[in-house]
Number of protein chains: 2
Amino acid sequence: MKSSLSIEAYLQLHPADLADRLQRLSTPEARAVLQQLPPATAAAVMAELEEEKAREMLGDLSNEQLSRLFRELPHHEAADLAADLPVERLGEAMSAMPPDDSTKVFQLLRYPEDTAGGIMNDRFITLRGQQTIQEAQELLRTRPEQDAGDISYLYVTDPNQKLQGIVSMRDLVFRRPERKLEEIMNRDVKFLWVDADQEEIARRFEHYHYMGLPVLERDGRLVGLVRASDVIQVAQAEATEDMQLMVGLSGEERALTPWRKSIGRRLPWLYVNLATAFLAASVVNLFEATIARWTVLAVFLPIVAGQGGNAGVQTLTIIIRDLALGEISAGDGRRALAKELMLGLMNGLSIGVVVGLGGYLWKGDWRLGLVVGIAMVLNMIAAALSGVLIPYGLKAIKIDPALASSIFLTTVTDVAGFFFFLGLAALGLKLLF
Amino acid sequence: MKSSLSIEAYLQLHPADLADRLQRLSTPEARAVLQQLPPATAAAVMAELEEEKAREMLGDLSNEQLSRLFRELPHHEAADLAADLPVERLGEAMSAMPPDDSTKVFQLLRYPEDTAGGIMNDRFITLRGQQTIQEAQELLRTRPEQDAGDISYLYVTDPNQKLQGIVSMRDLVFRRPERKLEEIMNRDVKFLWVDADQEEIARRFEHYHYMGLPVLERDGRLVGLVRASDVIQVAQAEATEDMQLMVGLSGEERALTPWRKSIGRRLPWLYVNLATAFLAASVVNLFEATIARWTVLAVFLPIVAGQGGNAGVQTLTIIIRDLALGEISAGDGRRALAKELMLGLMNGLSIGVVVGLGGYLWKGDWRLGLVVGIAMVLNMIAAALSGVLIPYGLKAIKIDPALASSIFLTTVTDVAGFFFFLGLAALGLKLLF
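Model, not experiment: these values are computed from the prediction.

### Examining the overall build of chain A
- When its secondary structure is counted, chain A shows 21 helices and six strands.
- For a compact globule of 433 residues, the expected C-alpha radius of gyration is about 22 Å, and chain A comes in at 29 Å, more than 25% above that figure.
- Taking all 433 residues of chain A together, the buried fraction comes to 55%.
- In chain A, once contacts between residues fewer than 6 apart in sequence are set aside, the share between residues at least 24 apart is 67%.
- Of the roughly 17,700 Å² that chain A leaves accessible, carbon and sulfur atoms contribute 55%.
- Here chain A carries 43 positive and 54 negative side-chain charges, and the mean point of each set is 4 Å from the other.

Quick look at the structure:
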């Protein structure tokens, strides 16, 4: 895969595919290719690169190359790249742009990446309500095709750029040319506030099947457009982030991210996990005398803890994903908890009986079976409880419900599992022997 | 949330929101509401319900209600619902439809749910290349708005319905009315084969930012249209499925799925996990004599296994997600493995030193520290290895790489962890005491 192609071969590729190729080259190799591409292609490729790679490549471009690149980029792509530039280079890049463009890029730069403002583009066409269909047609004819984006709507605003209604491309074809836009426009326009969170945006697009939504500042000014095709990327990124956060990853690591970069993100959570493991171990330690008298307990320790961890992660996964998708809200916590507790009890009984019997048959000791069976039931209930409470708790204190949640969960199921099992065993040693 | 609204209040809601409300009612309550809705609204709501709920509600409708519902549904929604009906009821529902519509529904029914054919709708407008812009405009004027969908393209086909090119709505506005479509159409059309897998479709839409793609039968006939807004739903469902499959869930469970339904799906994997836990326990059992002589080993057992499990699940999560997103291909396995092994070694050394020191300081026994430290390094490497090989292996035998993969992974890290740790301890007892 690492073979470099000729520039001609690269130019045959779609910019997204070309970016994929560059992604796999070393940064100096990728930069060498980029510098040979025509500025428009180079700009399209830069817009498709992953953020980290794009940042590395920008860092090594000359000021002249940088300005040439920025002149070719759509405003929202320029803003995304500009966000990664050191301030002095940013000034350099922007000063080479026509003032009208650089103003727009600076405007977009104000919005956080994970909001409607960060996702939107400013490729939409605004008209005034007093304009006629014919005037609208003439105005459109003078605009380059890409200014209209792929959306089949035109936006009607007042002189302050406040959104008043939408007109479909269809209307331009079929309505009488002398009709005024304000007579035919649809005033019941769905929209996003510019500070809407991207997870919420993905939810709304999925729920209502929108193809695109206009984005408004809080004062009603139209500032951008979010398209369904952009939301696909957002939805995928959000899902990836949740999956990764759950297990103590950064949310942005890729399989081929160099290990030197990965280690700094993974190791801290592994140390957190280690600290919680020592906590669990200290529970075992409390009962060292019990284990010394009844060594077979050590054999069943991992079973009780492991089953609890597995069942708890099942609950956790469902709650985290449904919270992200808006399938459940804060108010559904009690119902979800009731369900999971019931499941924990029933699963616990089903597994507990088998484990208990297994323990009895394997070791020929009914007391062991009893202790391990009861501990299993109790730990499955603890697993259900923490599988619901951990994500809801994190959310309540405004932390991402996914964050390292499986690490917290297994802490609970390990500590509780060891405590139930060894505590019952200690009690059993007193009462049953 | 369970409070039933008046029908008037329900009718104020968007069908998607109304469906959400019904989803939370019991099936008889939900059916009672549905029966009071106008058929068009009822149909729109049914199309938004989750599959399972929709199936339950259909089951209790009278044949007359069923046919009224089906007459109102767009073809692709009718096909989705029809797929869940028993054959005799299907006949009933379809016979009430105009033959032209039922033929179209039957055509859509042939395609598997998770392919382009299953996702597409048939709301698109086809024209002939010999038609002029003016003729196209006139034809469009006679078609109801929803027939055009939200997409800004029209499709030019030959008499056999084979796709030849596309014309944008823009072209209809700006090109001279006497031009023929074949002169102005874009012939380089991107498309999906009807049997394309939905994961692949989500990848292509994300990669190329498509707003919609035509769907072709293998003979080149245009049979449908997939829109970016539909793909958002597909991408979310695929991500949910992967997250759930990883931990031994069905892929379709929701937080509020009744526990009686959930248990049948979760328990089997918990039993699999139990079997693997017994396997791990039997490794511990092999070394019972060692533990009896050196009880403190039991305290460190969960640390070695738990850290390995956690690190392994980090690797696993990244590989599974990147495979699903197409960030890595089958050919990247070796590079991914090299990275993870390096990370496993470095993380293992970092954690191993701390654990070893911790063991020494806590228990005042350098031999314990040495054994636990080395076991940790080895288990982290085993974790990295299995985190890559399990998903790639499942994929190689054509099973979803996510399927129960975290259960398989923790089996490896438990078994390997116990074996390394207790094996080294047994060796240590021989050599160091």
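### Overview of the interface of chain B and chain A
- Each partner contributes to the interface: chain B provides 114 residues, whereas chain A provides 113 residues.
- Taken over both partners, the interface formed by chain B and chain A buries close to 10,800 Å², and the fraction arising from carbon and sulfur atoms is 63%.
- Contact with chain A buries area across many residues of chain B, yet Arg170, Met211 and Met243 of chain B alone supply 7% of it, more than any other trio.
- On the surface where chain B and chain A come into contact, there are ten salt bridges.
- The salt bridge involving glutamate 327 of chain A is made with arginine 254 of chain B; its shortest N-O contact spans 3.8 Å.
- At the boundary of chain B with chain A, the tally comes to 42 residue pairs in polar contact (both at pLDDT 80 or more).
- Examining the composition of the side of chain B that touches chain A, we find that 19 residues originate from one element, helix 18 (residues 297–325) of chain B, more than from any other.

### Describing the nonpolar core
- One finds Phe205 of chain A together with Phe205 of chain B to be the most contacted residues of the largest nonpolar core, which totals 112 residues.
- For phenylalanine 205 of chain B, the contacting residues outside a window of four places in its chain are Ile232 of chain A together with Leu192, Tyr210, Met211, Gly212, Leu213, Val226, Arg227, Ala228 and Val231 of chain B.
- Membership of the second largest hydrophobic core comes to 75 residues, among which are Ala281 and Val284 of chain A together with Leu297 and Ile351 of chain B.

### With respect to the relation of the copies chain B and chain A
- For the match of chain B to chain A, the screw axis carries a shift of 0.0 Å, the RMSD comes to 0.1 Å, and the turn is 180°. Considering both components of the superposition, the chain copies are consistent with a two-fold axis.

### A few points about the pairing of strand 6 (residues 222–227) of chain A
All names here are of chain A.
- Burial analysis of strand 6 places six of its six residues in the buried class, the great majority of the element.
- Alignment of strand 5 (residues 212–216) against strand 6, held across five bridges, turns out to be antiparallel. Residue pairing in the sheet places leucine 216 in a bridge with leucine 222 of strand 6.
- What sits between strand 5 and strand 6 in their antiparallel hairpin is a turn of five residues, with glycine 220 showing a positive phi close to 95°.

### A few points about a nonpolar patch on the surface
All names here are of chain A.
- A cluster of nonpolar side chains, namely Val353, Leu357, Tyr360, Leu361, Trp366, Leu370, Ile374, Leu378, Leu427, Leu431, Leu432 and Phe433, defines an oily patch on the protein surface of about 1,200 Å² accessible area.
- Of all elements in the fold, only helix 19 (333–363), helix 20 (366–396) and helix 21 (405–432) reach the threshold of two or more residues within the nonpolar patch.
- With respect to the helices, strands and loops of the structure, isoleucine 374 is situated in helix 20.

### Some words on the sheet that holds strand 1 (residues 126–128) of chain B
All names here are of chain B.
- The three strands are arranged 1-2-3 in an open sheet whose pairing can be described as mixed. At either margin of the open sheet sits one strand with a lone partner, and together these are strand 1 and strand 3 (163–168). Strand-to-strand twist across the sheet, computed as the mean angle between neighbouring axes with direction ignored, equals 40°.
- Across five bridges, the pairing between strand 2 (residues 153–157) and strand 3 is antiparallel. Within the sheet, the bridge partner assigned to tyrosine 153 lies in strand 3 and is serine 168.

### Some details on the confidence of the model for chain A
Residues and elements named next belong to chain A.
- For chain A, per-residue confidence averages 90 on the pLDDT scale, and residues scoring 70 or more make up 97% of the total.
- Mean pLDDT across the elements of chain A ranges from a minimum in helix 12 (residues 169–174), with 80, to a maximum in strand 4 (residues 192–193), with 97.
- With pTM at 0.90, the complex prediction returns an ipTM value of 0.90.

### So, the pairing of strand 3 (residues 163–168) of chain A
- Of all six residues in strand 3 of chain A, five are buried, a share of seventy percent or more.
- With antiparallel pairing between neighbouring strands as the criterion, strand 2 (residues 153–157) of chain A and strand 3 of chain A make up a hairpin whose turn holds five residues, including glutamine 161 of chain A at a positive phi of roughly 70°.

### Focus on the sheet that holds strand 5 of chain A
All names here are of chain A.
- Spatially, three strands are ordered 4-5-6 in an open sheet, and the strand pairing comes out mixed. The open sheet is flanked by strand 4 and strand 6, the only strands paired with a single partner.
- On the sheet, helix 15 (residues 228–246) packs against strand 5 and strand 6 and is oriented at approximately 70° with respect to strand 6.

### Structural notes on helix 11 (residues 133–141) of chain A
- Every buried residue of helix 11 of chain A is listed here: Ile133, Ala136, Gln137 and Leu140 of chain A. Down the axis, helix 11 of chain A shows its buried residues gathered within 100° of arc, on one side only.
- The inward-facing, buried residues of helix 11 of chain A abut strand 1 (126–127), strand 2, helix 12 and helix 13 (181–184) of chain A together with helix 12 (169–174) of chain B.

### Some thoughts on unusual backbone geometry
- Here glutamine 161 of chain A, not a glycine, exhibits a phi torsion of approximately 70°, which is positive.
- Relative to the helices and strands, glutamine 161 of chain A is located in the loop between strand 2 and strand 3.

### Digging into the pattern of salt bridges
Residue and element names in this part refer to chain B.
- Across all of its chains, the model carries 50 salt bridges over all chains by this definition.
- Between glutamate 64 and arginine 68 there is a salt bridge, with its nearest N and O atoms 3.0 Å apart. With glutamate 64 and arginine 68 both in helix 6 (residues 63–72) and four residues apart, the pair spans about one turn of that helix.

### Notes on the environment of methionine 380 of chain B
- Within the secondary structure, methionine 380 of chain B is located in helix 20 (residues 366–396).
- As for methionine 380 of chain B and glycine 348 of chain B, which are separated by 32 residues in sequence, their C-alpha atoms are 5.2 Å apart.
- Non-local contacts of methionine 380 of chain B, meaning those with residues more than four positions away in its chain, are made with Leu270 of chain A together with Gln307, Gly308, Ala311, Gly344, Asn347, Gly348 and Ile351 of chain B.

### A look at helix 4 (residues 39–48) of chain A
Residues and elements named next belong to chain A.
- Residues of helix 4 that are buried: Ala42, Ala43, Val45 and Met46. End-on view of helix 4: buried residues confined to an arc of 165°, all on one side of the axis.
- In this structure, the buried residues of helix 4 make contact with helix 2 (15–24), helix 3 (27–36), helix 5 (51–59), helix 6 (63–72) and helix 7 (75–82).

### A word on the packing of helix 19 of chain A against helix 16 (residues 259–286) of chain B
- Packing of helix 19 of chain A against helix 16 of chain B leaves a shortest axis separation of 10 Å and a crossing angle of 35°. The way helix 19 of chain A lies across helix 16 of chain B gives a crossing that is right-handed.
- The residue inventory of the contact of helix 19 of chain A with helix 16 of chain B, partitioned by class, reads 15 nonpolar, six polar and four charged.

### Let's talk about the packing of helix 18 (residues 297–325) of chain A against helix 21 of chain A
Residue and element names in this part refer to chain A.
- Between helix 18 and helix 21, whose axes approach to 8 Å, the crossing angle comes to 145°. The way helix 18 lies across helix 21 gives a crossing that is right-handed. Here helix 18 contributes Leu297, Phe300, Leu301, Val304, Ala305, Gly308, Gly309, Gly312, Val313, Leu316 and Ile320 to the contact with helix 21, which in turn contributes Ser405, Ser406, Leu409, Thr410, Thr413, Asp414, Gly417, Phe418, Phe421, Leu422 and Ala425.
- Partitioning the contact of helix 18 with helix 21 into residue classes produces 13 nonpolar, eight polar and one charged.

### Quick word on the packing of aromatic side chains
- Scanning all chains against the criterion turns up 18 aromatic pairs over all chains.
- Ring plane angle 85° and centroid distance 6.2 Å describe the contact between phenylalanine 124 of chain B and tyrosine 155 of chain B, whose orientation is recorded as edge-to-face. Here tyrosine 155 of chain B lies in strand 2 and phenylalanine 124 of chain B lies in the loop between helix 10 (116–119) and strand 1, a separation of 31 residues in the sequence. Taken individually, phenylalanine 124 of chain B and tyrosine 155 of chain B each receive the classification buried, so the pair is uniform in this respect.
- Ring plane angle 80° and centroid distance 6.3 Å describe the contact between tryptophan 269 of chain B and phenylalanine 408 of chain B, whose orientation is recorded as edge-to-face. Here phenylalanine 408 of chain B lies in helix 21 (residues 405–432) and tryptophan 269 of chain B lies in helix 16, a separation of 139 residues in the sequence.
- By way of ring pairs, the aromatic residues Phe205, Tyr208 and Tyr210 of chain A are connected into one cluster.
- Here the basic side chain of lysine 363 of chain A rests over the ring of tryptophan 362 of chain A, its NZ or CZ set 4.7 Å away from the ring centre.

About the cut-offs
- Residues numbered from 1 in each chain as written.
- Chains lettered and ligands numbered in written order.
- Predicted model: local features only at pLDDT ≥ 70, side-chain atom pairs only at ≥ 80, totals over all residues.
- Heavy atoms only, no water.
- Helix = DSSP H or I, 4+ residues; strand = E, 2+ residues; numbered from the N terminus.
- Rg over C-alpha atoms; globule rule 2.2 N^0.38 Å.
- Buried < 20%, exposed > 50% of the residue type's maximum accessible area, 1.4 Å probe, protein only.
- Contact = heavy atoms within 4.5 Å.
- Areas by Shrake-Rupley, 256 points an atom, 1.4 Å probe, with all protein chains shown as cover.
- Lys, Arg positive; Asp, Glu negative; His and termini not counted.
- Charge placed at Lys NZ, Arg CZ, Asp CG, Glu CD.
- Buried area = accessible area lost by both parts, 1.4 Å probe.
- Salt bridge = Lys/Arg side-chain N within 4 Å of Asp/Glu carboxyl O.
- Polar contact = N/O pair within 3.5 Å; in protein donor to acceptor, adjacent residues only side chain to side chain.
- Core = buried A, V, L, I, M, F, W, Y, C linked by side-chain atoms within 4.5 Å.
- Least-squares fit on C-alpha atoms with pLDDT ≥ 70 in both.
- Pairing = 2+ DSSP bridges.
- Patch = residues over 30% accessible without salt bridge, like charges linked within 9 Å, V, L, I, M, F, W, Y side chains within 5 Å.
- Axes fitted to C-alpha atoms, helices over the stretch in contact; angles between N-to-C directions.
- pLDDT = per-residue confidence, 0-100.
- Arc of directions from axis to C-beta.
- Left-handed = near helix turned anticlockwise from the far one by under 90°.
- Nonpolar A, V, L, I, M, F, W, Y, C, P; charged D, E, K, R; others polar.
- Phe/Tyr/Trp six-rings, centres within 6.5 Å; stacked < 30°, edge-to-face > 60°.
- Lys NZ or Arg CZ within 6 Å of the ring centre and 35° of its normal.

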